[in-house]
Each structure stands twice: as C-alpha cells, then as structure tokens.
Amino acid sequence: VQLQASGGGLVQAGGSLRLSCAASERTVSSYGMGWFRQAPGKEREFVALISRTGMWTGTTRYADSVKGRFAISRDNAKNTVYLQMNSLKPEDTAVYYCAATTHWIATMSGEYDYWGQGTLVTVSS
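Since the structure is predicted, the reported quantities are computational estimates derived from the model, not experimental observations.

(A) Fine view of the pairing of strand β3 (residues 17-23). Most of β3 sits out of view: five of its seven residues are buried. Bridge count between strand β1 (residues 3-6) and β3: four bridges; the pairing is antiparallel. The partner of A5 across the bridge, within β3, is C21. Sheet topology places β3 next to strand β8 (residues 80-85); six bridges connect them, and they run antiparallel. Residue pairing for β8: R18 is matched across the bridge by Q84.

Here you go:
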C-alpha cells in the first residue's frame, strides 16, 4: 500500500487548503483512512478519519481542535482521500500525514499500518 499526500502550502489565517492523499488501487475503500499532523517539537496527533467500506461506511471522526473547520472525504473512483481545511489558524501549522488502517475506527497512530510521506501546512498570522 502506497500513499502520497499533497496540497500543503502557505496560507494566511482564516484561509483554506485542501489536502489530497492518493492511494494504491482500492486502498481508500478497503482501509480506514486517517489524517494526522505533527508540529515542530510536538508529538504526532490525530486529525480526522473516515471508515472503510462496510457496515459503517463513511463514518467520520475529528479531533476536537478541528471539528467544524475540517472535513474528510473519500473518492473511491480516484482512490483519493481529501482533507478540506477551512478557517485555518496558526496552530494548525504542521506536517500533515495520511495513513491507512484495517480498523473500523482508529484515532491512535499505532493503529495505522501504512503512512504517506507528509505535506507541510504553514498558517501565517
């Protein structure tokens, strides 16, 4: 399973960005897909997830810090997962990683089996 994250960049506070995670064939439908982020000097933290296809298809979870501002979605035909980030704040500055898990719902990084390389998001004040 290979994951390729993209879409990061520099944005002013209050702005928006959309991150993409391109995955191997059928990965995004067969795995739960998550986004994590790691700011300088901090541990990697959970941001959002969307469950794999099945009984709980499309179930999403968000960290409290991004709830109402970020939205995760999946396009199975394009094998891509997106993270739409709105109302960005300087504290959202971090390297963002996409990851794949066999769990239905997983918010711990240790529960994820595959990781992309990360894309840097910088939010200026």
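(B) Quick look at the nonpolar core. Within the largest apolar cluster, 35 residues are counted, with the highest numbers of intra-cluster contacts made by M33, W35, V47, F70, L83, M85 and Y96. Of all the elements in the fold, those that place two or more residues in this core are β1, β3, β4 (32-38), β5 (45-50), β7 (70-75), β8, β9 (94-101) and β11 (119-124). Apart from the residues lying within four places of it in its own chain, the contact partners of M33 are L3, C21, T27, V28, A48, L49, I50, I72, V81, A99, A100 and Y112.

Reading guide: rules and limits
- Residues numbered from 1 in each chain as written.
- Predicted model: local features only at pLDDT ≥ 70, side-chain atom pairs only at ≥ 80, totals over all residues.
- Heavy atoms only, no water.
- Buried < 20%, exposed > 50% of the residue type's maximum accessible area, 1.4 Å probe, protein only.
- Helix = DSSP H or I, 4+ residues; strand = E, 2+ residues; numbered from the N terminus.
- Pairing = 2+ DSSP bridges.
- Core = buried A, V, L, I, M, F, W, Y, C linked by side-chain atoms within 4.5 Å.
- Contact = heavy atoms within 4.5 Å.

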